[in-house]
Amino acid sequence: MTQQKNTRMAHAIRFLSADAVQKANSGHPGLPMGAADIATVLFTRFMKFDPKQPNWPNRDRFVLSAGHGSMLLYSSLYLLGYKDMDIDQLKNFRQLGSMTAGHPEYGHAAGIETTTGPLGQGIANAVGMAMAERKLADEFGGDLVDHYTYCLAGDGCLMEGISQEAISLAGHLKLSKLVVFWDDNNISIDGPISISDSTDQIARFEASNWNTIRVDGHDHEAIASAIEAAHASDKPTMIACKTQIGFGAPNKAGTAAAHGAPLGPDEIAGAREALGWDAEPFEVPEDVLDNWRIAGLRCTHARKDWEARLADADANVRGEFERRHRGDLPAKFNDAILDLKKELAEEPPKKATRKASQAVLEVVNGALSETIGGSADLTGSNNTNTSQTAAITPDDFSGRFVHWGIREHAMAAAMNGIALHGGLIPYSGGFLIFSDYCRPSIRLAALMGIRAIHVLTHDSIGLGEDGPTHQPVEHLAALRAIPNLMVFRPADVTETAECWQLALEYDNGPSAIALTRQDLEPVRMSYEEDNLCSRGAYEVAAADGDEAVVSLFASGSEVEIAMAAKAALDAAGHATRVVSVPCFELFEQQGEAYRASVKGTAKVNVGIEAAIRQGWDAIIGSDGLFVGMNGFGASAPYKELYAHFGITADAVVEAVQGKLSEAAE
């Protein structure tokens, strides 16, 4: 292509973007106008993809980390011929029901690889995608898995702390098929970057073991040469592209005024005149559109060649590859869990649920080849490693365990990238208290509806001496508040097995499994083929006699407290039942009749959980009793803490008897 053709193709992105933002009277025109040349070179000369088969597993991935510039992506997808993205979608930018949301949303349209907008998330997603590519290439070979991950990041992405966690991990792992374009336009919402930051980004990336290249972000041949150099590197590459935000706008280009608001009719008209663009809004000259559509078809042969290689592969390899990319679990998985439950019923063990989880994972990782585990430098505490999970290293990706280091932010976001890539199911380990560091990524996983499993141990004051800085109190409620997230808190080994099964089978969102540090008595003493935890709450101990006077509802480590309280209350003549509540979200999904039967009709309902009350009233009622926490914890051995904070069987009995006495008066 001639330079003039390339430039006109870039102008198509610029004006589709500016016009869409203007029509919506909302959005960010500056980045698409400034980065249009980068996108044009990448999509028309280097990216491997096929709009006719947008989910081709061996396609290159593109992540717009600077998600506010979403019209750059939407315009490119339209120009390249993606069926989902027609001109009406661009005209309805940021409107209810359109695919063109204010920030790119995974699942809205083909070609949107992840949901971005919270700055820094995208670059960490891209790291996860590059990790998945390298892992699957090691497993299935370069004939089936061989592609790049490209990411466009802005100044804001690089200022967010998550970016440092992500780039240091990528550099350490030598993810050479990861290429990040830095849109170096020196502008944020408040003005020049210099008012808030003076970081030498080139030096920063080089210190993190990256290859770096600096180019004029409007010079197509310089951009192309940089990408070629990136492909030849044995490190991840950051290409610093010096651009002008709002390129072409006569008065606002290079200023914060081009960043986050429509340019205005006069400014857009001036840009049309300055850049020689005569087309009306949402119109693209036929020759320019033809060039884009031809570029969209240039990888058809590569995709067909790949399909032929897959068809020629060993039948077992092909079947495994296809199953894993569909996200299906093998038939043997359910049988493996049932066999484990039978074994546990024969001799129910007393152990902490974090150790129970490791025992379950030994079975899971034996049955599923696609699981990839890890821990944020807490492997010995989280117990997320098993005999099948050798460590992944910079020079050997044959393992199935990631030492994430102390990088909870990037860990959770990269897990999203791994899940989005396909072919792998990521799970990680951390302390429940540090779910705060993971929360933005967990929320985005829930929004996207992707399977990522967070093992969160040391789930209460039961962790003991580390004290209130490490003792989660509000965290269960905070996680339960995230829509589409399953929060599991199992009470013993059998419940742990069932919760793991549910988390792995839940392919429409993420899961969090909260686990104890302290040993717990077994609750489930007999084999049940049904997964009782799938109901969210179920009666684990019925009342003696015809009708319960007291219903005790508890989760996790407090179920054993409820069982002890039941024994005492029964002895005192108060017929008591115990309900285990391993998952609020699944209980809410049950039918009204089942929920009513579990809640029962007892005179006194009690919720027991070493956490705050928030959320429990949906089960116990606003007049129910709650035995738990209403403030922060303290540093002491865990049994002393439970006594100090009144989370004991005796405290439950006392509260119940007090309530019954009041009712009798």
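Please refer to the structure higher up on the page.
So, here is what we can say about the structure in this document. Remember, predicted model here, so these are calculated numbers, not experimental data.

**What about the overall build of the protein?**
For step 1, the next point in the chain: Within the protein, the secondary structure is distributed over 26 helices and 20 strands.
For step 2, the next point in the chain: By its C-alpha atoms, the protein is 90 × 55 × 45 Å across when sized along the principal axes.
For step 3, the next point in the chain: Looking at the protein as a whole, 61% of its 665 residues are labelled buried.
For step 4, the next point in the chain: Within the protein, counting contacts between residues at least 6 apart in sequence, those at least 24 apart form 78% of the total.
For step 5, the next point in the chain: Surface exposure of the protein reaches about 24500 Å², of which carbon and sulfur atoms provide 47%.

**Notes on the sheet that holds strand 11 (residues 425–431)**
For step 1, the next point in the chain: Pairing within the open sheet is parallel, and its six strands lie in the order 10-9-11-12-14-13. Both outer strands of the open sheet, strand 10 (401–403) and strand 13 (486–488), are each paired with one neighbouring strand and no more. Taken pair by pair, the neighbouring strands of this sheet meet at an average axis angle of 20°, ignoring direction.
For step 2, the next point in the chain: As defined by bridge partners, strand 9 (residues 371–375) adjoins strand 11 across two bridges and the pair is classed as parallel. Paired with Thr371 across the strands is Ile425, a residue of strand 11.
For step 3, the next point in the chain: Sitting on the sheet, helix 20 (residues 493–505) is in contact with strand 9, strand 11, strand 12 (453–457), strand 13 and strand 14 (511–514), with an inclination near 150° to strand 12.

**What about the pattern of salt bridges?**
Opposite charge on two side chains permits pairing when their charged atoms draw close.
For step 1, the next point in the chain: Counted under the stated rule, the structure contains 27 salt bridges.
For step 2, the next point in the chain: Note that Lys174 and Asp395 form a salt bridge whose closest N and O atoms lie 3.1 Å from each other. Of this pair, Lys174 sits in the loop between helix 7 (161–173) and strand 3 (178–184) while Asp395 sits in the loop between helix 16 (379–382) and strand 10, and the two are 221 residues apart along the sequence.
For step 3, the next point in the chain: Put simply, Asp328 and Arg326 hold a salt bridge, and the shortest N to O gap is 2.8 Å.
For step 4, the next point in the chain: In this structure Arg326 comes out as exposed when scored by relative accessible area, which is 53%.

**A closer look at unusual backbone geometry**
For step 1, the next point in the chain: A positive phi angle, near 65°, is found at Asn186, a position not held by glycine.
For step 2, the next point in the chain: Mapped onto the secondary structure, Asn186 falls in the loop between strand 3 and strand 4 (187–188).
For step 3, the next point in the chain: Classification of Asn186 by relative accessible area gives partly exposed; the value is 34%.

**Observations concerning the nonpolar core**
Most often, soluble globular proteins keep nonpolar side chains buried together rather than apart.
For step 1, the next point in the chain: One finds Tyr150 and Phe181 to be the most contacted residues of the largest nonpolar core, which totals 134 residues.
For step 2, the next point in the chain: Counting residues per element, this core draws most heavily on helix 5 (residues 121–140), at 10 residues.
For step 3, the next point in the chain: Apart from residues lying up to four places away in sequence, Tyr150 is in contact with Leu42, Phe46, Met47, Asp60, Arg61, Phe62, Val63, Val179, Phe181, Ile227 and His231.
For step 4, the next point in the chain: Counting 63 residues, the second-largest nonpolar core is a separate cluster that includes Leu344, Leu504, Val523 and Cys583.

**A closer look at the pairing of strand 9**
For step 1, the next point in the chain: Where burial is concerned, most of strand 9 is hidden: five out of the five residues are buried.
For step 2, the next point in the chain: Examined bridge by bridge, strand 9 and strand 10 share three bridges and lie parallel to one another. Within strand 10, the position partnered with Gly373 by the bridge is Phe401.

**Observations concerning a negative patch on the surface**
For step 1, the next point in the chain: A cluster of acidic residues, Asp335, Asp339, Glu343, Glu346 and Glu347, forms a negative patch on the protein surface.
For step 2, the next point in the chain: Assessed through its relative accessible area of 45%, Asp335 is described here as partly exposed.

**Things to note about the packing of aromatic side chains**
For step 1, the next point in the chain: Considering all chains together, one arrives at 18 aromatic pairs under this definition.
For step 2, the next point in the chain: Relative to Trp616, the ring of Phe584 lies with its centre 5.0 Å away and its plane at 90°, an arrangement referred to as edge-to-face. Placement of the pair is Phe584 in helix 22 (residues 584–589) and Trp616 in the loop between strand 19 (604–608) and helix 24 (617–620), with a sequence separation of 32 residues. The same class applies to Phe584 as to Trp616, namely buried.
For step 3, the next point in the chain: Ring geometry for Tyr638 versus Tyr642: centroids 6.4 Å apart, planes at 90°, classification edge-to-face. With Tyr638 and Tyr642 both in helix 25 (residues 638–644), this residue pair falls four residues apart, about one helical turn.
For step 4, the next point in the chain: When its relative accessible area of 7% is taken as the criterion, Tyr642 is described as buried.
For step 5, the next point in the chain: A network of ring pairs unites the aromatic residues Phe43, Phe49, Phe62 and Tyr82 as a single cluster.
For step 6, the next point in the chain: Over the face of the ring belonging to Tyr78 we find Arg293, whose NZ or CZ atom lies 5.2 Å from the ring centre.
For step 7, the next point in the chain: For the cation-ring pair, Arg480 lies above Phe584, with the distance from its terminal atom to the ring centre recorded as 3.8 Å.

The rules behind these values
- Within any chain, residue numbers begin from 1 and follow the written order of that chain's sequence.
- Where local features are concerned, this predicted model is filtered to residues with pLDDT of at least 70; where side-chain atom pairs are given and counted, the filter is 80 or more; whole-chain, interface and lining totals use all residues.
- Where side-chain values are given, they derive from all heavy atoms of the structure, hydrogens and water being excluded.
- Labels follow the DSSP assignment, with helices taken as runs of H or I lasting at least four residues and strands as runs of E lasting at least two, numbered in each case from the N terminus.
- Exposed residues in this analysis have more than 50% of their type's maximum accessible area, buried residues have under 20%, and partly exposed residues fall in between, with area computed by a 1.4 Å probe over protein chains only.
- Between two residues, a contact is recorded if the distance between any of their heavy atoms is within 4.5 Å.
- In these tables, accessible area is a Shrake-Rupley quantity obtained with a 1.4 Å probe, and a residue counts as shielded only by the protein chains included in the view.
- The pairing criterion is simple: DSSP has to find at least two bridges between the two strands.
- Every angle, taken between N-to-C directions, lies between 0 and 180 degrees, and every axis is a line fitted to C-alpha atoms, over only the stretch in contact when it is a helix.
- Basic side-chain nitrogens of Lys or Arg form a salt bridge, by our definition, when they fall within 4 Å of a carboxyl oxygen of Asp or Glu.
- Nonpolar cores were defined as sets of buried Ala, Val, Leu, Ile, Met, Phe, Trp, Tyr and Cys residues, with membership established by side-chain atoms within 4.5 Å.
- Exposure above 30% relative accessible area and the absence of a salt bridge qualify a residue for a patch, where like charges join within 9 Å and nonpolar side chains (Val, Leu, Ile, Met, Phe, Trp, Tyr) within 5 Å.
- His is not counted, nor are the chain ends; Lys and Arg add positive charge and Asp and Glu add negative charge.
- Taken as the charge centre is NZ of Lys, CZ of Arg, CG of Asp or CD of Glu, depending on the residue.
- Note on aromatic contacts: the rings of Phe and Tyr and the six-membered ring of Trp form a pair at centre separations within 6.5 Å, being stacked when their planes are under 30 degrees apart, edge-to-face when over 60 apart, and tilted otherwise.
- Sitting over a ring, as applied to charges here, requires NZ of Lys or CZ of Arg to be within 6 Å of the ring centre and within 35 degrees of the ring normal.

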